[in-house]
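Reading the structure
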Amino acid sequence: MANGQWFPPDWPERIRALADGTLTPVAPKRAATVMLLKDAGGGPVVHMLRRRASMAFAGGAYAYPGGGVDPRDDDHHVRWAGPTRAWWAERLGVEETTAQAIVCAAVRETYEEAGVLLAGPTAESVVGDTTGDDWEADRAALVARETSFAEFLDRRGLVLRSDLLGAWTRWITPEFEPRRYDTWFFVAALPDGQRTRNASTEADRTVWIRPADAAASYDEGELLMMPPTIATLRQLLPYGTAAEALAAAPARDLAPVLARARLEDGEVVLSWPGHDEFTKHVPAGGGPA
């Protein structure tokens, strides 16, 4: 492997099936993930987790906190601060209920997997340390889906701080995958007084790492990543602080990135528009090259 690009072993077979019309794509589920940043000497660092090697999908690969939308994230009673649902609907290119669900998923999953909560008692404040036993009990209840995020906020007297998120990019799982997600990537800064921890059952390690260092380790084949992860890391390189990255988010293009597979000279060519580094050629009977 020349770099740390991760591919599922069954992709070649599924790509060929899609190309010859024998595979019907499944509908993607809504999801959100957050590139959590904090400033350090020499520039911002990003919080990443390593998926357990035992995971069937992307085992050993580095990713950001995130996951699928809980149907209850559509709840109209979510306590909200920051840009309105209508503003987010226009920014994300979806209707208002879906926009709320995606933003809720981003905040909820960051809390579930990293212990960081982008919410506060008022529209101008953020909670502090969330590592106590009572917070952990609430986090575990969210993970187990014993309570909804709206119920959690209500009971705590908190409002979701949508202004602490910046929508960054959108990637859709390729059509040949059996499990597909329509994922919005966000950026956020670690709130003062809070700290991350490995709260995910799917991760065996978490790190704060400079995007340039992570990208270099990927290029050397030392860190495994899927295309959206390394692509977004490279997009963070120009920014000298977390605030700069957040300020750049509103101008980011959110047109979805979707891999394409086509037959060409006896090969299946897999490509992501706008991301030539990920182009792969799948010979008849072979794996990605």
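Notes on the structure in this doc start here. (Residues numbered from 1 in each chain as written. Predicted model: local features only at pLDDT ≥ 70, side-chain atom pairs only at ≥ 80, totals over all residues. Heavy atoms only, no water.)

1. Quick look at the sheet that holds strand β7 (residues 159-161)
Strand order in the open sheet formed by three strands is β5-β7-β6, with mixed pairing between adjacent strands. Both edges of this open sheet fall to β5 (80-81) and β6 (119-120), since each of them pairs with a single strand only. (Pairing = 2+ DSSP bridges. Helix = DSSP H or I, 4+ residues; strand = E, 2+ residues; numbered from the N terminus.)

2. Details of unusual backbone geometry
You will see that R145, though not glycine, has its phi angle at about 60°, which is positive. Within the secondary structure, R145 is located in the loop between α4 (133-143) and α5 (149-156). R145 sits in the partly exposed class, given a relative accessible area of 32%. (Buried < 20%, exposed > 50% of the residue type's maximum accessible area, 1.4 Å probe, protein only.)

3. What to know about helix α7 (residues 227-236)
By the criterion of burial, α7 is predominantly enclosed, with nine of the ten residues buried. Buried within α7 are the following residues: P227, P228, T229, I230, A231, T232, L233, Q235 and L236.

4. So, the packing of helix α6 (residues 211-219) against α7
The interhelical angle for the contact between α6 and α7, taken along N-to-C directions, is 140°, at an axis separation of 8 Å. Of the possible angle classes, the one that applies to α6 and α7 is oblique. Where α6 crosses over α7, the two elements pack in a sense that is left-handed. Contacts between α6 and α7 involve P211, A214, A215, Y218 and D219 from the former and I230, L233, R234 and L236 from the latter. Here the residues of the contact of α6 with α7 are counted per class, giving seven nonpolar, no polar and two charged. (Axes fitted to C-alpha atoms, helices over the stretch in contact; angles between N-to-C directions. Parallel < 35°, antiparallel > 145°, perpendicular 65-115°, else oblique. Left-handed = near helix turned anticlockwise from the far one by under 90°. Contact = heavy atoms within 4.5 Å. Nonpolar A, V, L, I, M, F, W, Y, C, P; charged D, E, K, R; others polar.)

5. Some details on the packing of aromatic side chains
The tally for this structure, following the rule as stated, stands at ten aromatic pairs. Judged by centre distance (6.4 Å) and plane angle (85°), the rings of Y111 and W135 are edge-to-face. A residue pair is termed long-range when its members are at least 10 positions apart, and Y111 in helix α3 (residues 96-114) and W135 in helix α4 qualify at 24 residues. Assessed through its relative accessible area of 0%, Y111 is described here as buried. Take W135: its relative accessible area is 11%, and that puts it in the buried class. On the basis of an interplanar angle of 70° and a centroid distance of 6.5 Å, the ring pair of W171 and F278 is categorised as edge-to-face. Pair noted here: W171 is in strand β8 (residues 166-172) and F278 is in strand β15 (residues 275-283), with a separation of 107 residues, a long-range link. Among the aromatic side chains, those forming a connected cluster through ring pairs are Y111, W135, F149 and F152. A cation over an aromatic ring shows up here: R156 above the ring of W135, its NZ or CZ 3.6 Å from the ring centre. (Phe/Tyr/Trp six-rings, centres within 6.5 Å; stacked < 30°, edge-to-face > 60°. Lys NZ or Arg CZ within 6 Å of the ring centre and 35° of its normal.)

6. Describing the sheet that holds strand β14 (residues 267-272)
Strands sit in the order β13-β14-β15 across an open sheet of three strands; the sheet is antiparallel. Edge positions in the sheet fall to β13 (260-264) and β15, since each of these pairs with one other strand and no more. Going across the sheet, the axis of each strand differs from the next one's by a mean of 25°, ignoring polarity. Direction of pairing for β14 relative to β15: antiparallel, over a ladder of five bridges. Across the sheet, E267 pairs through a bridge with P283, a residue of β15. Set on the sheet, helix α1 (residues 11-19) makes contact with β13, β14 and β15; between it and β14 the angle comes to about 100°.

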